[in-house]
Amino acid sequence: MNTQPERNIGRGGLTLSQIGRIFAEAYHGLEREQPCPSIGVEYYRFVGINHTVRLREGRLLVRLSDLFRRAPAPVMEALASILLAKLYRQEVPRAARAAYREFSNSPEMRRKDRASRRKRGRKLLAGPEGDRYDLTLLFDELNREYFKGRLPAVRLGWSLRKSRRILGHFDPSHRSITLSRWLDHPRVPEVVVRYVLFHEMLHAKLLARSFFDVRNPHSRQFREEEQTFRGHEEARNWIRDCS
Ligand SMILES: [Zn+2]
């Protein structure tokens, strides 16, 4: 079915509380036993089209791509049921998937997506696939192992310069992690690359918490969680001796 999705753009413009109600409706559609948590909705300047939903302290926090500001209600409804189904590990309704795709794959939205990636992704210098290590693969593994698969996607890339001093960097405004290309080499053990990536992923995770302190990004909490990384000592020693 083609309902000329482009013509829908520009009509929407739902308020955040309207969107909140749409998410509450979608929650009820899941027929869970627990009552619907309170819901917070905001637009976020992701790189490209991206949306996240997570549970924090009993609250549902919804972050929508700001490129969806004018998405019409049916698209928002579809998106709500997709995000909630994923969050609660239920099957995504096919109709919702189709309605969402129809909108997000429209030429207009694809153009916006590309423009946003160009503009906001500028700081990322090279893709995640290195000569030796694939950051996407490592990210997914670490996400499963240490974050229960719940860390929202982050843009990943290798730096162009081979810095020995700065091995990794998390950029909150782009939600991106850059690893120094110096690490993308057979002489560097995988545990070291994983450790540096894990460290930056922890920044990505803890940034979302209320106790995050900009002046002290390596708080006690951070250090404690970092210790849970298997191979922590080995990786730190290697870095101390070799970089
Ligand atoms: Zn750090």
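This is a predicted model, so every value here is computed, not measured.

1. Looking at the sheet that holds strand β6 (residues 176-179)
Here comes step 1: Strand order across the open sheet formed by 3 strands is β4-β6-β5, with mixed pairing between neighbours. Each of the sheet's edge strands pairs with one partner strand only, and the pair in question is β4 (155-158) and β5 (168-171). Averaged over all adjacent pairs, the angle separating strand axes in this sheet is 15°, with direction ignored.
Here comes step 2: Across 4 bridges, the pairing between β4 and β6 is parallel.

2. Examining the nonpolar core
Here comes step 1: Counting residues in each nonpolar core, the largest one holds 27 residues, and the members touching the most others are F23, V75, L79, A80 and Y100.
Here comes step 2: Contributing elements (two or more residues each) for this core: α2 (16-29), β1 (38-44), β3 (59-65), α3 (73-87) and α4 (94-104).
Here comes step 3: In terms of residues, this core owes the most to one element, α3, which gives 8 residues.
Here comes step 4: With residues near it in sequence (within four places) discarded, Y100 still touches V75, A78, L79 and I82.
Here comes step 5: By size, the runner-up hydrophobic cluster in this structure holds 24 residues, among which are Y133, L138, L156 and Y195.

3. Side note on the sheet that holds β3
Here comes step 1: Read across the sheet, 3 strands follow the order β1-β3-β2 without closing on themselves; strand pairing throughout is mixed. Of all strands in the sheet, those bounded by a partner on one side alone are β1 and β2 (52-56). Adjacent strand axes in the sheet meet at a mean angle of 20°, parallel and antiparallel pairs treated alike.
Here comes step 2: Two elements, β1 and β3, share 7 bridges in a ladder whose sense is parallel. Note on β3: the bridge partner recorded for E42 is R63.
Here comes step 3: Packed onto the sheet, α2 meets β1 and β3 and runs at close to 125° relative to β1.

Definitions and cut-offs
- Residues numbered from 1 in each chain as written.
- Predicted model: local features only at pLDDT ≥ 70, side-chain atom pairs only at ≥ 80, totals over all residues.
- Pairing = 2+ DSSP bridges.
- Helix = DSSP H or I, 4+ residues; strand = E, 2+ residues; numbered from the N terminus.
- Axes fitted to C-alpha atoms, helices over the stretch in contact; angles between N-to-C directions.
- Core = buried A, V, L, I, M, F, W, Y, C linked by C-beta atoms within 7 Å.
- Buried ≥ 20, exposed ≤ 12 C-beta atoms within 10 Å, placed from the backbone.
- Contact = placed C-beta atoms within 7 Å.

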